[in-house]
Amino acid sequence: MGEEKEFIETVTLTTPEQVPVERVSQYSLVNFAMEYLHLLRRYDVLKAKMVERGMEFGGRVLLVGPPGSDFGAFPHFLAREIPIKIIRFKMEGVLDENKRSNDALREGFEFARRNSPALLYIEKLEFLAPRDSVQSVVLQDEITSTDWSKEEVITIAATTRPELVDRELLALFDRTYIVEGTSIDDRIRVLEQVLKDREDFDVSVIAELTDGWGFSDVNHLALSLYMQETGEGGEMPREKVEELIEQSRVAAFGDSRFLESLIRKTRGTRQPELSKLSEEYPDNFLDQLYMMAVGDDYAETQRVIEVLNEGLPLSVKDREFLSRHPFLLTGSAEDRLTRLLRAKKSSDRLHRIMGRQ
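As a convention, each chain's residues are numbered from 1 in the sequence order in which they are written. Residues qualify for local features only when their pLDDT is at least 70, as the model is predicted, and side-chain atom pairs are given and counted only at 80 or more; totals for whole chains, interfaces and linings, by contrast, use all residues. The basis for every side-chain value is the complete set of non-hydrogen atoms in the structure, without hydrogens or water.

Helix and strand assignments come from DSSP, with helices taken as H or I runs of at least 4 residues and strands as E runs of at least 2, each series counted from the N terminus. Secondary structure assignment for the protein chain yields 16 helices and six strands. Whereas a compact globule of 357 residues would reach a radius of gyration of roughly 21 Å, the protein chain reaches 27 Å, over 25% beyond that. With the C-alpha coordinates aligned to their principal axes, the bounding extent of the protein chain is approximately 75 × 65 × 45 Å. Looking at the 357 residues of the protein chain, the share that counts as buried comes to 42%. Only the C-alpha atoms count toward the radius of gyration. The rule for a globule is 2.2 Å times the residue count to the power 0.38. Relative accessibility thresholds used throughout: buried, under 20% of the residue-type maximum; exposed, over 50%; partly exposed, between the two (1.4 Å probe, protein chains only).

Written as structure tokens, this is what we have:
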């Protein structure tokens, strides 16, 4: 069944045949979708017994994750595998000031029920049904009266800000999948998909260098690297890959540290140059900072100092530690070790004194 005229401004309908076969998707979300598909098939086996016992299967899914998460991978996988139609709200239609949003929400659910079996995908839940709003009450009512058992409608909602959604609404979803960020597998998989023809890139190195990046960030970087001219002489060294990442102009907005750094820069503040760090940290104060680092994590402080003293490449973990303790970059190798040992001795002495009290 095609879109009916009165619903065109509110929703779109995509048939399984119209869903792209290939898609660069976030691996963890595809895994969640595979898990849910198994649940749907299990329901088919148990349906008769569940109906006999008055049990219903809601088919209501909530996806929660950080900005840049590839929530669309979930409905895309189900649409291809079940197969099933995807119905999604048009943001411009639901949020149109000339049209009541609660009416638009009702229209979307009615359209899904008329076109069942279908999957209704609600993006940006926090905007379509903000907390303490009429839209939230309407959405609660529509979700409650729409399930897979009777209407054959799967409702999937996604949000990056669950704290902006009413708890009563969140509680209606019978399955919740939480994306905690991009895993190493997520990054490797998307890099492999985009850079599969580029033998000059080691995707494991790029995945390591993008620790903390969001999925969309890594995807943008992968496309940027794909458009680079093919390197000569085999696989690029790590230093060259780091240079290309820095030159890509891809912003890692999924990494809170990058965002904090960006805010500092745009506000006109800047980090002191290495040549001036000794002026920033007077001698006595520097000893106190070493004491704090040793108290925080002596083993890690010692390891990072060894990396610096031996002139080894800094890993992502090293850079993160140095961002918290930049004073370790000052002084000679001998000076670092002297201050480290002095701080460790003072720290141990304080612990002994505190232990006797």
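The next subject is the packing of helix 1 (residues 27-52) against helix 2 (residues 73-81). Following both chains from N to C, one finds helix 1 and helix 2 inclined at 45°, their axes separated by 8 Å at the closest point. When the interaxial angle is binned, helix 1 and helix 2 end up oblique. Here helix 1 and helix 2 pass one another in a crossing that is right-handed. When helix 1 is examined against helix 2, the residues Leu29, Val30, Phe32, Ala33, Met34, Tyr36, Leu37 and Arg41 are found in contact with a partner set consisting of Ala73, Phe74, Phe77, Leu78 and Glu81. Note on residue categories: nonpolar means Ala, Val, Leu, Ile, Met, Phe, Trp, Tyr, Cys or Pro, charged means Asp, Glu, Lys or Arg, and polar means any other residue, Gly included. Of the residues contributing to the contact of helix 1 with helix 2, the split by class is eleven nonpolar, no polar and two charged. Axis geometry follows a simple rule: fit a line to the C-alpha atoms, using only the stretch in contact for helices, then measure angles between N-to-C directions, giving values from 0 to 180 degrees. Angles are sorted into four bins: roughly parallel if under 35 degrees, roughly antiparallel if over 145, roughly perpendicular if 65 to 115, and oblique for all others. Each helix crossing is assigned a hand: it is left-handed if the near helix lies turned anticlockwise from the far helix by less than a right angle, otherwise right-handed if that turn is clockwise. When checking whether two residues touch, look at their non-hydrogen atoms; a contact exists if any pair is within 4.5 Å.

On to the pairing of strand 3 (residues 85-89). Most of strand 3 sits inside the fold, with four of its five residues counted as buried. Relative to strand 3, strand 1 (residues 11-14) is paired through four bridges, and the arrangement is antiparallel. From the neighbouring strand, leucine 13 faces strand 3, where its bridge partner is isoleucine 87. By the bridge criterion, four bridges tie strand 3 to strand 4 (residues 118-122) in an arrangement that is parallel. For lysine 85, the partnering residue across the bridge sits in strand 4 and is alanine 118. When DSSP finds two or more bridges between two strands, those strands count as paired.

Nonpolar side chains in soluble globular proteins generally cluster together in the buried interior. Here, nonpolar core means buried Ala, Val, Leu, Ile, Met, Phe, Trp, Tyr and Cys residues that are tied together by side-chain atoms lying within 4.5 Å of each other. Ranked by internal contacts, the top residues of the largest apolar core, which has 28 residues, are Tyr36, Leu63, Phe74, Leu78, Ile154 and Ile156. Among the elements of the structure, helix 1, strand 2 (60-64), helix 2, strand 4 and strand 5 (153-159) are those that each provide at least two residues to this core. Broken down by element, this core gets its largest block of residues, eight residues, from helix 1. Contacts of tyrosine 36, omitting those with residues within four sequence positions, involve Phe57, Gly59, Arg60, Val61, Phe74, Leu78, Ile154, Arg175 and Tyr177. If you look at the next biggest cluster of nonpolar residues, it comprises 26 residues, including Val11, Leu128, Val153 and Leu169.

This next bit is on the sheet that holds strand 4. The mixed open sheet is built from six strands, whose spatial order is 1-3-4-5-2-6. The open sheet is flanked by strand 1 and strand 6 (175-178), the only strands paired with a single partner. Neighbour-to-neighbour, the strand axes of this sheet turn through a mean angle of 20°, independent of strand direction.

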